[in-house]
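Survey of secondary and tertiary structure
So the chains spell out like this:
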Amino acid sequence: MFIKGEIEIAPDKSISHRALMISAVAEGTSRIKNFLKAEDCISTMNCLKKLGVDIAEKDGEIIVKGNGLKLKKPSGVLDAGNSGTTVRLLSGILAGQNFATKIIGDESLSKRPMKRIIEPLEKMGAKIKSNNGYLPIEIEGGNLKPINYDSKISSAQVKSCVLFAGLYADGITSFTEPEKSRDHMERMLKSFGAKIEFNKNTVSIKGIAKLHPSDVFIPGDISSAAFFMVATAIVKGSELKIKNVGINPTRTGIIDVLKRMGAKIEIENKREIADELIADIVVKSSELKSTNIERGEIPLLIDEIPIIAVAATQSEGITKITGAKELRVKETDRLKAIVSELKKMGAEISELEDGLIVKGPTKLNGVRVDSYKDHRIAMSLAVASLVAEGNTEILNRECVNISFPEFWNVLKKIKQ
Ligand code: S3P
């Protein structure tokens with residue numbers, strides 16, 4: 001078996017969420033092309049509809065009739081499902097409304113920390129009740145005041161939450177983080193007319209702002225492409241072109257790491273659409289070697305660590321990943337999950353408090369493994385199964401619907 005072909009990848013999840021939410025609070029009609037129709041983004045869409053935003057689909061595009069900054073009080077609770085991005089970003093908008101809203105989520109989301117957004121929003125003047133820092137949370141918005149927030153963690157979700165709230169605060173709100181996280185929010189707010197400045201790890205926004213509508217094109221998601229990049233790199237005799245992938249420099253840690261490991265990766269047809277870089281990525285299989293990944297690089301590949309662990313099982317030497325404690329509070333504890341499941345397949349892998357150690361190369365065996373209903377764990381294990389001997393059974397494999405509903409079909413198409 002080897003991999004060959006040319007594929008399109010699922011549209012970017014982070015950018016799809018932002019396109020919906022920013023369009024919702026702009027004044028007028030925005031059009032979103034290549035929107036990701038996956039469960040997480042549908043959660044955002046349903047919450048916005050409940051808040052009175054008119055969202056429809058026409059000729060494959062999502063048409064959002066923005067309400068301006070003020071939304072309507074929903075009749076019931078808002079359900080963010082499995083989506084951390086939905087609850088954290090939307091909270092920034094809700095903090096600016098003059099009504100109270102309750103947000104709930106599924107079992108996984110109910111275990112994820114919300115103090116990180118509650119703290120800055122309370123500082124800005126929102127009144128928030130929570131289950132001790134977890135969902136459900138109830139946000140009573142009002143007149144917000146600007147803050148200069150120094151975040152202890154690097155997080156695009158927290159940053160985007162504060163920026164949304166900053167739209168409603170009279171004056172300049174700023175957010176600083178230890179390492180720069182993905183900057184899609186800043187770029188898109190700018191293209192909708194916000195007065196926003198960003199350099200290095202600090203971004204500032206001027207409120208109270210009126211946004212104008214805009215047309216958005218969503219590039220392919222590099223975090224989804226990562227599974228196919230690694231699959232092609234580790235399966236002998238493979239070659240794959242992944243078309244129209246977003247290569248925003250705050251997301252391309254996976255390319256740097258794989259190249260460091262000796263992967264053959266070419267970037268072709270590079271261009272810019274709506275302030276985001278897009279390219280085709282061509283990968284060929286090769287012998288891989290180990291690498292080290294430290295704290296400073298983590299935000300650039302935060303969602304790719306499970307799939308990098310899979311690549312490391314097929315690489316010569318010891319790969320050490322540190323500074324990645326945030327993975328413990330994703331859809332599942334991703335450090336624990338990837339270690340336990342790759343171990344079942346025969347990998348030499350162990351957990352650090354804030355990372356992983358993987359010794360390779362090892363032969364993997366097909367066994368029954370658990371995705372923990374985490375889409376990125378399921379897809380990582382699917383890639384591991386390509387180099388495993390025997391059949392691999394992945395429990396709850398349908399959880400790929402969270403970010404990449406076509407994953408299993410795309411995989412089938414390129415396996416020769
Ligand atoms: C996201 C940011 C990251 C990432 C998540 C999506 C976003 O989370 O892990 O999948 O869209 O802002 P953090 O910013 O909380 O690390």
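To keep things clear, this report deals only with the structure shown in the data block.

The immediate surroundings of the ligand are formed by Ser 14, Arg 18, Thr 85, Ser 155, Ala 156, Gln 157, Arg 182, Ile 302, Asp 303 and Lys 330. Within the side chain of Ser 155, one N or O atom sits 3.0 Å away from an oxygen atom of the ligand. Contact distances for the ligand include 3.1 Å between an oxygen atom and a backbone N or O atom of Gln 157. Coverage of the ligand by the protein amounts to 95% of the 380 Å² it exposes when considered alone. Elements with a contribution of two residues or more to the shell around the ligand: helix 1 (13-24) and helix 5 (156-167). Looking at the shell around the ligand, its residues break down into two nonpolar, four polar and four charged.

With that out of the way, let us pick up the packing of helix 3 (residues 84-94) against helix 5. Across the interface, helix 3 lies against helix 5 with an axial gap of 6 Å and an inter-helix angle of 25°. On the basis of the axis angle, helix 3 is roughly parallel to helix 5. In the packing of helix 3 onto helix 5, the handedness of the crossing is right-handed. Here Gly 84, Thr 85, Arg 88, Leu 89, Ser 91, Gly 92 and Ile 93 of helix 3 lie close against helix 5, whose contacting residues are Gln 157, Ser 160, Cys 161, Phe 164 and Ala 165. By residue class, the composition of the contact of helix 3 with helix 5 is five nonpolar, six polar and one charged.

Quick notes on the rules
- Residues numbered from 1 in each chain as written.
- Predicted model: local features only at pLDDT ≥ 70, side-chain atom pairs only at ≥ 80, totals over all residues.
- Heavy atoms only, no water.
- Near = heavy atom within 4 Å.
- Polar contact = N/O pair within 3.5 Å; in protein donor to acceptor, adjacent residues only side chain to side chain.
- Areas by Shrake-Rupley, 256 points an atom, 1.4 Å probe, with all protein chains shown as cover.
- Helix = DSSP H or I, 4+ residues; strand = E, 2+ residues; numbered from the N terminus.
- Nonpolar A, V, L, I, M, F, W, Y, C, P; charged D, E, K, R; others polar.
- Axes fitted to C-alpha atoms, helices over the stretch in contact; angles between N-to-C directions.
- Parallel < 35°, antiparallel > 145°, perpendicular 65-115°, else oblique.
- Left-handed = near helix turned anticlockwise from the far one by under 90°.
- Contact = heavy atoms within 4.5 Å.

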